[in-house]
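The primary structure of each chain is shown beneath.
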Amino acid sequence: MKLKKIYAVLLPVLMLFAGCVPAELQLRELPQDPAAPVTVAALLPLTGSNRIYAEQMKEGILAAESRINNFNGISNRRLQVIFCDTKGTDAGTLAALAEAEKHHAVAAIAGYSTQEVSAIIAHADHLQMPMVIPLATSDYHVQSSAFVYRNCFSDLQQMEVLAHYLLFWRKLDSGAVINDQNGDAEYSRGICRNFIQVMRDLNCSVTGEITVRPGKELQEEEIKSLLMADPGFIMIAASGKRAAKMIKQIRNAGFTGFLCGPESWDDQELTSALKNFNPGECIFTAFFDPANKSREFREFSGEFRKRFFHNPGACETQSYDAMIFLAIGLQNARNLFDFDRNWRQIKGFTGAAADYTMLKKGAVDRTIYLKRFSVERLTDSVTPRPVVTKKMQYSKLQDYKIIE
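Residues numbered from 1 in each chain as written. Predicted model: local features only at pLDDT ≥ 70, side-chain atom pairs only at ≥ 80, totals over all residues. Heavy atoms only, no water.

K.L.:
Help me get a handle on unusual backbone geometry, residues and values and all.
P.N.:
Residue Asn72 is not a glycine yet carries a positive backbone phi of 70°. Tracing the sequence through the fold places Asn72 in the loop between helix H2 (51-69) and strand E2 (79-85). For Asn276, which is not glycine, the phi torsion reads 65° and is therefore positive. (Helix = DSSP H or I, 4+ residues; strand = E, 2+ residues; numbered from the N terminus.)

Below, the structure written as structure tokens:
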């Protein structure tokens, strides 16, 4: 039995060295006509509840398509991106994948939310289609298939950075967690699970946990129960208007400590919902800094404004980088080994959103930003605005235990 297991592990390696790649690791073939484009599918919820974010992602991908084609495309062929509407549903995802196959797509940009992306990448293996995730942060995504890659950080990575900040910069070693199951429940569960585990690994205590079930609201009695344990911080795994509402509830209940959250807080919907309210001390993770001074971001944002008449945000910037990296992976790649070798040549690469180094098994070392709310007082109104307070490369996390 042991010999059979060893043989099963060694067979793909032996076949590779023998120049023979297993059929299931071959990529989808390009059209024989050398003038035909390389088609990539962007599988996005263009008409679902997340359609606003999907439209932002679409603009970033279109900007990358133009940039790639201005530099000889992919494998000396023009890149053609087709946009397939998943509608944010399982049925819509199946229809979008069928459309991608119909147009002979060889790779894909995968979705927006955790649940949407989970439905898409479940088909990566049998489609033999490399898929890059720009925004969904679940740790399990890249473990599900060798064809799945990401340029976003994971739930664990962002929660490690958040926990280290709270402990080593703010000297806070106890707090509470609120898990909002409304919306993308898979996402909020992953955030809370990783945050609690990291805090415990750092010998910090979680003094209270609340789960807000679908269709329910955070109750005053629940907040009082959390505050009785005198937490130094409260981590809220929620998004948009719901996160803003919880911030207001907790502050109005008298909590003056730190409120913190994941990258879903870095959202205009949440910020707008806090207008005329001072959220106090808050910290949250983010994918990018609009004040980024890198050459890549300046060039991207300049061309983006000319074409779309507004500044790019996180969705546009992350999607732009994802498409650039997918093009690098596909360059003269005939099988997954070729793609992976190309992908892992991305080292110390300054993208539009962050600095990236691609690692084994689809993992990524990249910049993670921490933002706070800067409160501007204009006449009688209060306008919170997200600003970067610190940025760090994930691989340097241990170094940050020594306070600057």
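From this point on, the discussion continues.
K.L.:
Residues and numbers for the sheet that holds strand E4 (residues 131-133), please.
P.N.:
The strand order across the open sheet built from five strands is E2-E1-E3-E4-E5, with neighbouring strands paired in parallel fashion. Of all the strands in the sheet, the pair left with one neighbour each is E2 and strand E5 (148-150). In this sheet, neighbouring strand axes are inclined to one another by 25° on average, regardless of whether the strands run parallel or antiparallel. Strand direction decides the pairing type here: strand E1 (residues 38-44) and strand E3 (residues 107-110), joined by four bridges, are parallel. Directly across from Leu43, in E3, lies its bridge partner Ala110. Against the sheet, helix H3 (residues 90-102) engages E1, E2 and E4, with an angle of about 155° to E2. Sitting on the sheet, helix H4 (residues 114-121) touches E1, E3, E4 and E5, and the angle it makes with E4 is about 170°. (Pairing = 2+ DSSP bridges. Axes fitted to C-alpha atoms, helices over the stretch in contact; angles between N-to-C directions. Contact = heavy atoms within 4.5 Å.)

K.L.:
Any details on H2? Residues and values, ideally.
P.N.:
Along its 19 residues, H2 runs 27 Å from first to last C-alpha, staying within 8% of the 27 Å computed at 1.5 Å per residue. Among the residues of H2, those classed as buried are Tyr53, Ala54, Met57, Glu59, Gly60, Ile61, Leu62, Ala63, Ala64, Glu65 and Ile68. In the core, the buried residues of H2 are packed alongside E1, E2, E3, helix H10 (268-273), helix H11 (295-308) and helix H12 (314-330). (Expected span 1.5 Å × (residues − 1). Buried < 20%, exposed > 50% of the residue type's maximum accessible area, 1.4 Å probe, protein only.)

K.L.:
Go over the packing of aromatic side chains, please, and point to the residues and values.
P.N.:
This structure, assessed with the given rule, holds 17 aromatic pairs. Seen from the ring of Phe83, Lys58 lies directly overhead, with NZ or CZ sitting 5.1 Å from the centre. (Phe/Tyr/Trp six-rings, centres within 6.5 Å; stacked < 30°, edge-to-face > 60°. Lys NZ or Arg CZ within 6 Å of the ring centre and 35° of its normal.)

K.L.:
Break down H12 for me, citing the residues and quoting the values.
P.N.:
The first and last C-alpha atoms of H12 sit 24 Å apart over 17 residues, in line with the 24 Å expected at 1.5 Å per residue. Looking one or two places after H12, you find Asn332, whose phi comes out positive at around 55°.

K.L.:
Tell me about the environment of Tyr53, and name the residues and values.
P.N.:
With respect to the element layout, Tyr53 can be found in helix H2. When residues no more than four places from it in sequence are discounted, the contact partners of Tyr53 are Tyr112, Asp267, Glu269 and Cys315. Engagement of the side chain of Tyr53 in a polar contact is seen with the side chain of Asp267, the distance being 3.1 Å. (Polar contact = N/O pair within 3.5 Å; in protein donor to acceptor, adjacent residues only side chain to side chain.)

K.L.:
Describe the nonpolar core, listing the residues and the values that go with them.
P.N.:
Judged by nonpolar contacts, the single largest core of 109 residues is most densely connected at Met131, Phe195 and Met323. Not counting residues up to four positions away in its chain, the partners in contact with Phe195 are Met159, Leu162, Ala163, Leu166, Val177, Phe233 and Met235. (Core = buried A, V, L, I, M, F, W, Y, C linked by side-chain atoms within 4.5 Å.)

K.L.:
I'd like a rundown of the confidence of the model for the protein chain, residues and numbers included.
P.N.:
Confidence along the protein chain averages 93 in pLDDT terms, with 94% of residues attaining 70 or more. In this model residues 1-11 is a low-confidence stretch, pLDDT under 50, and it forms zero contacts with partners more than four residues away in sequence or in other chains. Predicted confidence for residues 13-18 stays below pLDDT 50, and this span has five contacts to residues more than four positions away or in other chains. (pLDDT = per-residue confidence, 0-100.)

K.L.:
Which residues make up the pairing of strand E12 (residues 355-358), and what values do they have?
P.N.:
Burial of E12 is one-sided: the residues Tyr356 and Met358 facing one way are buried, the residues Asp355 and Thr357 facing the other way are not. In this structure, the hairpin formed by strand E11 (residues 349-350) and E12 is closed by a connection of four residues.

K.L.:
A description of the state of the cysteines should follow, citing residues and the corresponding values.
P.N.:
Following the criterion strictly, the structure yields zero disulfides and no others. There is no disulfide at Cys152, and the cysteine sulfur nearest it, in Cys315, is 11 Å away. Classification of Cys152 by relative accessible area gives buried; the value is 0%. Given the relative accessible area of 8%, Cys315 is considered buried. (Disulfide = S-S within 2.5 Å.)

K.L.:
Give a detailed account of the packing of H11 against H12, specifying residues and quantitative values.
P.N.:
Taken N-terminus to C-terminus, the directions of H11 and H12 make an angle of 115°; their axes are 12 Å apart at the nearest point. If you check the angle between H11 and H12, you find them roughly perpendicular. Remark: the crossing between H11 and H12 carries right-handed chirality. Where H11 approaches H12, its residues Glu296, Phe297, Phe300 and Phe304 are matched on the opposing element by Glu316, Thr317 and Tyr320. Per-class residue counts for the contact of H11 with H12 are four nonpolar, one polar and two charged. (Parallel < 35°, antiparallel > 145°, perpendicular 65-115°, else oblique. Left-handed = near helix turned anticlockwise from the far one by under 90°. Nonpolar A, V, L, I, M, F, W, Y, C, P; charged D, E, K, R; others polar.)

K.L.:
Would you mind going over the side chain of Arg251 in detail, with residue names and values included?
P.N.:
With respect to the element layout, Arg251 can be found in helix H9 (residues 240-252). For Arg251, which is buried and forms no salt bridge, the nearest opposite charge comes from Glu281, at a distance of 6.6 Å. Residues contacting Arg251, with those up to four places away along its chain left out, are Thr256, Gly257, Leu259, Phe277, Pro279, Gly280, Glu281 and Cys282. (Lys, Arg positive; Asp, Glu negative; His and termini not counted. Salt bridge = Lys/Arg side-chain N within 4 Å of Asp/Glu carboxyl O.)

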